[in-house]
Amino acid sequence: MLNLSAQLNTYLVIGAILFGFGVCGLIRRPTLIGMMIAAELILCGASINFMAFNHFLAPDPTVGQIMTLFIMAIAAAEAAIAMSILICIYRDYKSIELENLEELSG
Amino acid sequence: MNPTLLSPEGLSGLVFLGLVAVTIAGAVIATASKRLIRSLTGLVACFMGVAGLYYFLGSPFVAMMQLLIYVGAIAIVIAFGIMLAEPDESKLATKKSGLSGVLSLVAGAAVAWGLAVAALRADWMRPAVKINDGSVRDVGMSLLTTYSMVFELVSVVLLVAILGSLALARIGRDKE
């Protein structure tokens, strides 16, 4: 139990659990901000997988770290854009609840 | 063989278990709580636990960047979004049927179970030789040589994101 930190499988299972929580939250959240929080969880699970493979399996152990740094940069850009879209939606509809945004539902 | 509890390896194993507990508990709070600000707090706890896991994976640099970018920047942006839009999920949750909650749990559990089983069953190949030790110096070297193109492109993406969010948020402001 105490040497779990030296095994690849531990990290892969943690990443899978975070990904599952993210998918669950993405489905059940009724607002856009809640869905964004769930999307961040999914990105975090993916980053853990990259870092675990980087530490245990990669012949060049910088690749996964650089990939994780790029994921962080993309997540920051995504958060900024999503937040400004959200402010726009709030201005037009006076709410960010998904029930009121049905014009896009096709 | 198992290290004893009070040896250095045993203590670091205990710290690792604590970090895993913080990560999973944060993810549970982020997904399950009714108020958005509480679920943001859970997300922050989850990010801090993950930063600790990165430390155990041998890269303190990425752990610090995780704290700086995710906890310091993204969580604050989301907090501002919550404060500006004031969504009240507690009223919405009663309107939704209970079925969607169950279905989302089933979907999340299925995805997590599938990924975990696939990861545990696979036969991972250990590398015969490592060409460097993944230190901050090596990360900097490959960022500025092998991955310099991607590095520049990411900075352009961030610039476009800043300009885009400014342009989007500005629409409709002059009329008021």
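Residues numbered from 1 in each chain as written. Chains lettered and ligands numbered in written order. Predicted model: local features only at pLDDT ≥ 70, side-chain atom pairs only at ≥ 80, totals over all residues.

On to helix H2 (residues 32-56) of chain A, then. Compared with the 36 Å implied by 1.5 Å per residue over 25 residues, the 37 Å span of H2(A) between its first and last C-alpha is a close match. Taking burial as the measure, the 25 residues of H2(A) include 20 buried ones, the bulk of the element. (Helix = DSSP H or I, 4+ residues; strand = E, 2+ residues; numbered from the N terminus. Expected span 1.5 Å × (residues − 1). Buried ≥ 20, exposed ≤ 12 C-beta atoms within 10 Å, placed from the backbone.)

Glancing now at the nonpolar core. With 64 residues, the main nonpolar core has Leu18(A), Ile33(A), Ile37(A), Leu41(A), Ile48(A) and Cys46(B) as its most contacted residues. Elements represented by at least two residues in this core include exactly helix H1 (8-28), H2 and helix H3 (63-93) of chain A together with helix H1 (8-32), helix H2 (36-56), helix H3 (60-85) and helix H5 (98-121) of chain B. At 13 residues, H2(A) tops the list of elements feeding residues into this core. In this view, Leu18(A) contacts Leu41(A), Cys44(A), Gly45(A), Ile48(A) and Ala27(B); residues no more than four positions away in its chain are not counted. (Core = buried A, V, L, I, M, F, W, Y, C linked by C-beta atoms within 7 Å. Contact = placed C-beta atoms within 7 Å.)

We now examine the interface of chain B and chain A. Between chain B and chain A, the contact holds 85 residues from the first and 64 residues from the second. Elements represented by at least two residues in the side of chain B that touches chain A include exactly H1, H2, H3, helix H4 (89-95), H5, helix H6 (136-144) and helix H7 (148-170) of chain B. It is H5(B) that provides the largest number of residues to the side of chain B that touches chain A, a total of 14 residues. Classifying every residue of the side of chain B that touches chain A by side-chain character gives 58 nonpolar, 20 polar and seven charged. (Nonpolar A, V, L, I, M, F, W, Y, C, P; charged D, E, K, R; others polar.)

Looking at chain A, the pLDDT average stands at 86 and 92% of residues meet or exceed 70. Confidence, read as mean pLDDT per element, is least for H3(A) in chain A (88) and greatest for H1(A) (92). (pLDDT = per-residue confidence, 0-100.)

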